[in-house]
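Summary of the model geometry
Each chain, written out:
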Amino acid sequence: MSSVAVPGQNDAVVHNVEQHKLGQWEPIKDVKDPYVQELGRFGVMEANKQSGGNLIFNRVDFGERKVVAGIEYRLRVVVEKPGDNGIYFYMILVLDNKLESTWKFLSIEPFLK
């Protein structure tokens, strides 16, 4: 038994591999995507759990992702603090393990412009 590739099929496969190079950060085109926003909310929630903090998630306003053993997201989140009218920026890292359907919070750091 043999199989025949449709013309251009192999080119599409090669193009897809080149588009998502392993271990290289790529910008997220639509940070307003609900999935990206939920990753940001999750990261802030987990940071609060681990540190006893009380940051209030507002939104993700910038993000990058890279393919590793899953997809690692580096997201700049906008947060508020109770009793304070200011807004603050933090960078969070979250690992999305699609094979296990899990998210893992990796880190959070203040983002200084």
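Refer to the structure printed above.
Read on for a plain summary of the structure. This one's a predicted model, so the numbers in the text were calculated from it and none came from an experiment. (Residues numbered from 1 in each chain as written. Predicted model: local features only at pLDDT ≥ 70, side-chain atom pairs only at ≥ 80, totals over all residues. Heavy atoms only, no water.)

Attention shifts here to the overall build of the chain. Within the chain one finds two helices and five strands. Ordered by position from N to C terminus, the α and β elements of the chain give α-β-α-β-β-β-β. In the chain, which comprises 113 residues, the proportion classed as buried is 32%. A sequence separation of at least 24 residues applies to 44% of the contacts in the chain between residues at least 6 apart. (Helix = DSSP H or I, 4+ residues; strand = E, 2+ residues; numbered from the N terminus. Buried < 20%, exposed > 50% of the residue type's maximum accessible area, 1.4 Å probe, protein only. Contact = heavy atoms within 4.5 Å.)

Let us look at the sheet that holds strand β1 (residues 26-27). Strand order in the open sheet made by the five strands is β1-β2-β3-β4-β5, with antiparallel pairing throughout. Each edge of the open sheet carries a strand with a single partner, namely β1 and β5 (102-110). Sheet topology places β1 next to strand β2 (residues 56-68); two bridges connect them, and they run antiparallel. Along β2, the bridge assignment pairs Pro27 with Glu64. Against the sheet, helix α2 (residues 34-51) engages β2, β3 (70-80), β4 (87-97) and β5, with an angle of about 70 degrees to β5. (Pairing = 2+ DSSP bridges. Axes fitted to C-alpha atoms, helices over the stretch in contact; angles between N-to-C directions.)

What you tend to see is this: most non-glycine residues have negative phi, and most peptide bonds are trans. The backbone of Ser101 shows a phi angle near 55 degrees, a positive value even though the residue is not glycine. Within the fold, Ser101 resides in the loop between β4 and β5.

Nonpolar side chains tend toward joint burial in soluble globular proteins. Ranked by size, the top nonpolar core spans 19 residues in total, and within it Val60, Leu75 and Val77 carry the most contacts. Listed by contribution, the elements that provide at least two residues to this core are α2, β2, β3 and β4. In this view, Leu75 contacts Ile28, Val36, Leu39, Gly40, Val60, Phe62, Gly63, Tyr90, Met91 and Ile92; residues no more than four positions away in its chain are not counted. (Core = buried A, V, L, I, M, F, W, Y, C linked by side-chain atoms within 4.5 Å.)

What follows covers α2. Its 18 residues give α2 an end-to-end C-alpha distance of 26 Å, which sits within 8% of 26 Å, the value for a rise of 1.5 Å per residue. The set of residues buried in α2 consists of Val36, Gln37, Leu39, Gly40, Phe42, Gly43, Val44, Glu46, Ala47 and Asn48. Tucked inside the fold, the buried residues of α2 contact β2, β3, β4 and β5. The N-capping residue of α2, defined by a side-chain oxygen 2.7 Å from the backbone nitrogen of Tyr35, is Asp33. The first or second residue beyond α2 is Gly52, which carries a positive phi of 75 degrees. (Expected span 1.5 Å × (residues − 1). Polar contact = N/O pair within 3.5 Å; in protein donor to acceptor, adjacent residues only side chain to side chain.)

Time to look at the side chain of Asn97. Considering the arrangement of structural elements, one finds Asn97 in strand β4. A distance of 3.2 Å separates the side chain of Asn97 from the backbone nitrogen of Leu99, its partner in a polar contact.

Now for the pattern of salt bridges. Within this structure, the stated rule accounts for five salt bridges. In this structure, Arg74 engages Glu64 in a salt bridge whose closest nitrogen and oxygen atoms are separated by 2.6 Å. With Arg74 in strand β3 and Glu64 in strand β2, this residue pair connects regions lying 10 residues apart in the sequence. On the basis of relative accessible area, Arg74 is assigned to the partly exposed category, the value being 26%. (Salt bridge = Lys/Arg side-chain N within 4 Å of Asp/Glu carboxyl O.)

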